[in-house]
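Chains, contacts and geometry: an overview
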Amino acid sequence: MAYHLSAAKLQTYQTCPKSYYFKYERGLPGGGFGKSQALGTALHKALAQIYQDWDYLQPMPSFEWLEYCWQNHSQDLDPGQFREGLTILKNYYDRFMTELPSLRRPLAVEGKIQAPWFLDNIEFTLSGRYDRLDWLGDDLELIDYKSTKEIKSLDSNRIDLQLGLYAIALQHIYNCRLKKLSLIYLRTGDKIEFEVTPEHDRRVRQTIAKMAKQLRGEREWKPHQTKACDRCQYSRYCPAIHAEPDPLPESAKPERELQLTLDL
Ligand code: SF4
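How each quantity is defined
- Residues numbered from 1 in each chain as written.
- Predicted model: local features only at pLDDT ≥ 70, side-chain atom pairs only at ≥ 80, totals over all residues.
- Heavy atoms only, no water.
- Near = heavy atom within 4 Å.
- Nonpolar A, V, L, I, M, F, W, Y, C, P; charged D, E, K, R; others polar.
- Axes fitted to C-alpha atoms, helices over the stretch in contact; angles between N-to-C directions.
- Helix = DSSP H or I, 4+ residues; strand = E, 2+ residues; numbered from the N terminus.
- Left-handed = near helix turned anticlockwise from the far one by under 90°.
- Contact = heavy atoms within 4.5 Å.
- pLDDT = per-residue confidence, 0-100.
- Core = buried A, V, L, I, M, F, W, Y, C linked by side-chain atoms within 4.5 Å.
- Buried < 20%, exposed > 50% of the residue type's maximum accessible area, 1.4 Å probe, protein only.
- Pairing = 2+ DSSP bridges.
- Expected span 1.5 Å × (residues − 1).
- Arc of directions from axis to C-beta.
- Polar contact = N/O pair within 3.5 Å; in protein donor to acceptor, adjacent residues only side chain to side chain.
- Phe/Tyr/Trp six-rings, centres within 6.5 Å; stacked < 30°, edge-to-face > 60°.
- Lys NZ or Arg CZ within 6 Å of the ring centre and 35° of its normal.

Around the ligand, the neighbouring residues are Cys16, Lys18, Ser19, Pro223, His224, Cys229, Cys232, Ser235, Cys238 and Ile241. Split into classes, the residues belonging to the shell around the ligand amount to 6 nonpolar, 3 polar and 1 charged.

This is how it looks when you write it as structure tokens:
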């Protein structure tokens, strides 16, 4: 059976194998669904409709089009969040749309990538989600909207894993190279771009291949203590934090059997 890999999985494993074990191997739930996430989700859905349903035979949309899409996806928000979201979309419109001669149709919005990947005769399934995928001539630009209040310092290793995995999957699906990953911070209007060079691509693929094989044969799931442990939702179960950690809940998935990592 193919082993499922995503950028989120690789990033979690890279941060702490033990937290990967709790989350993906034993299926323990993560954090809750907070109010600010509801605003972020509504913004993502409105932006998807703005690009997906626009009549591209028309010139640039006016802001009324964005308002209309916002109305469609903000019914569950309170009035303060509704106004905040509208202001964010107005800033987005001013920053990223008004100066364009026309709106360019994306290749896809709110998409799911799924592609097989064979490594030493072992089958992996690569999967991930993206907010928007644009053509850049012959290459691709992947766009992720961020709705956090501030720009968090970005861990280049985490970005590399995301870029590398998407590059492999998109090459398989579209037979095109991923040239750029752009993060658009909706609240601040900042756009941060990461270029993918062939050398970078090669190096990241090697890292992913190594991690993928490690993951498939992993048994120890060693805790990796860092400052992030303060925010870890699994710390009560973690032997690195508590001499007598809580037992896992009965709802936890059974442990999987070790899979062969040798070449077949
Ligand atoms: S508390 Fe720290 S070491 Fe333990 S699982 Fe969480 S991140 Fe890993």
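After that view of the structure, there is still more to cover.
At a minimum axis distance of 9 Å, the contact between helix H1 (residues 7–15) and helix H6 (residues 156–174) shows a crossing angle of 150°. Handedness of the H1/H6 crossing: right-handed. Residues Ala7, Leu10, Gln11, Gln14 and Thr15 of H1 pack against Asn157, Arg158, Leu161, Gln162, Leu165 and Tyr166 of H6. Split into classes, the residues belonging to the contact of H1 with H6 amount to 5 nonpolar, 5 polar and 1 charged.

Take the environment of Arg177 next. Relative to the helices and strands, Arg177 is located in the loop between H6 and strand S5 (178–185). Along the backbone, Arg177 and Asp138 are 39 residues apart, and their C-alpha atoms lie at a distance of 7.9 Å. Filtering out sequence-adjacent residues up to four positions away, Arg177 remains in contact with Asp139, Leu140, Gln171, Val196, Thr197 and Pro198.

Moving on to the confidence of the model for the chain. Of all residues in the chain, 95% have pLDDT values of 70 or greater, and the mean over the chain is 88. Across the chain, the element-wise mean pLDDT spans from 84 in helix H7 (residues 198–217) up to 97 in helix H4 (residues 63–73). Predicted confidence for residues 260–264 stays below pLDDT 50, and this span has 9 contacts to residues more than four positions away or in other chains.

What follows is about the side chain of Asp144. Mapped onto the fold, Asp144 is located in strand S4 (residues 139–146). Residues contacting Asp144, with those up to four places away along its chain left out, are Tyr130, Asp131, Gln162, Ser182, Leu183 and Ile184.

A few words on the nonpolar core. In this structure, Leu5, Trp117, Tyr166 and Leu178 are the most contacted members of the largest nonpolar core, which totals 47 residues. With 9 residues, the single largest contributor to this core is H6. With residues up to four places along the chain from it excluded, the contact list for Leu178 reads Leu140, Glu141, Leu142, Leu163, Tyr166, Ala167, Leu170 and Val196. Ala42, Met97, Tyr145 and Leu186 belong to the second largest nonpolar core, which has 29 residues in total.

Relative orientation of the contacting elements H4 and helix H5 (residues 79–97) amounts to 145°, with a least axis distance of 10 Å. The handedness of the crossing between H4 and H5 is right-handed. Along its contact with H4, which presents Phe63, Leu66, Glu67, Trp70 and Gln71, the element H5 presents Gln81, Phe82, Gly85, Leu86, Leu89, Lys90, Tyr93 and Met97. In terms of residue class, the contact of H4 with H5 is built from 8 nonpolar, 3 polar and 2 charged.

Strand residues, when the strand is regular, have side chains that alternate between the two faces of the sheet. The buried count for strand S3 (residues 122–136) comes to 11 of 15 residues, which makes it a mostly enclosed element. Across 11 bridges, the pairing between strand S2 (residues 108–119) and S3 is antiparallel. Bridge pairing in S3 links Leu119 to Ile122. Joining the antiparallel neighbours S2 and S3 is a turn of 2 residues, in which Asp120 adopts a positive phi near 50°. The hairpin formed by S3 and S4 contains 2 residues between the paired strands, and Gly137 there has a positive phi angle of roughly 70°.

This part covers H5. The terminal C-alpha atoms of H5 lie 26 Å apart, and with 19 residues this matches the ideal 27 Å at 1.5 Å per residue to within 8%. Taken as a whole, H5 has its buried residues at Gln81, Gly85, Ile88, Leu89, Tyr92, Tyr93, Phe96 and Met97. Projected onto a plane normal to the axis of H5, the buried residues spread over an arc of 145° and lie on a single side. Structural note: H5 exposes Pro79 and Arg83 on the side pointing more than 90 degrees away from its buried face. With a side-chain oxygen positioned 3.1 Å from the backbone nitrogen of Gly80, the residue opening H5 is Asp78.

What follows concerns the packing of aromatic side chains. Enumeration over the complete set of coordinates arrives at 16 aromatic pairs. A centroid spacing of 5.7 Å and a plane angle of 40° characterise the contact between Phe22 and Tyr234, whose relative ring orientation is tilted. Here Phe22, found in helix H2 (residues 17–25), pairs with Tyr234, found in the segment after H7; they are 212 residues apart in sequence, far enough to count as distant. Given the relative accessible area of 3%, Phe22 is considered buried. A centroid spacing of 5.1 Å and a plane angle of 45° characterise the contact between Tyr92 and Phe96, whose relative ring orientation is tilted. One end of the pair, Tyr92, and the other, Phe96, are both in helix H5, 4 residues apart, so they sit about a helical turn from each other. Classification of Tyr92 by relative accessible area gives buried; the value is 3%. An aromatic cluster of at least three residues, connected via ring pairs, comprises Tyr13, Tyr20, Tyr21, Phe22, Tyr24, Trp221, Tyr234 and Tyr237. When the ring centre of Tyr21 is taken as reference, the NZ or CZ atom of Lys18 above it lies at 5.0 Å.

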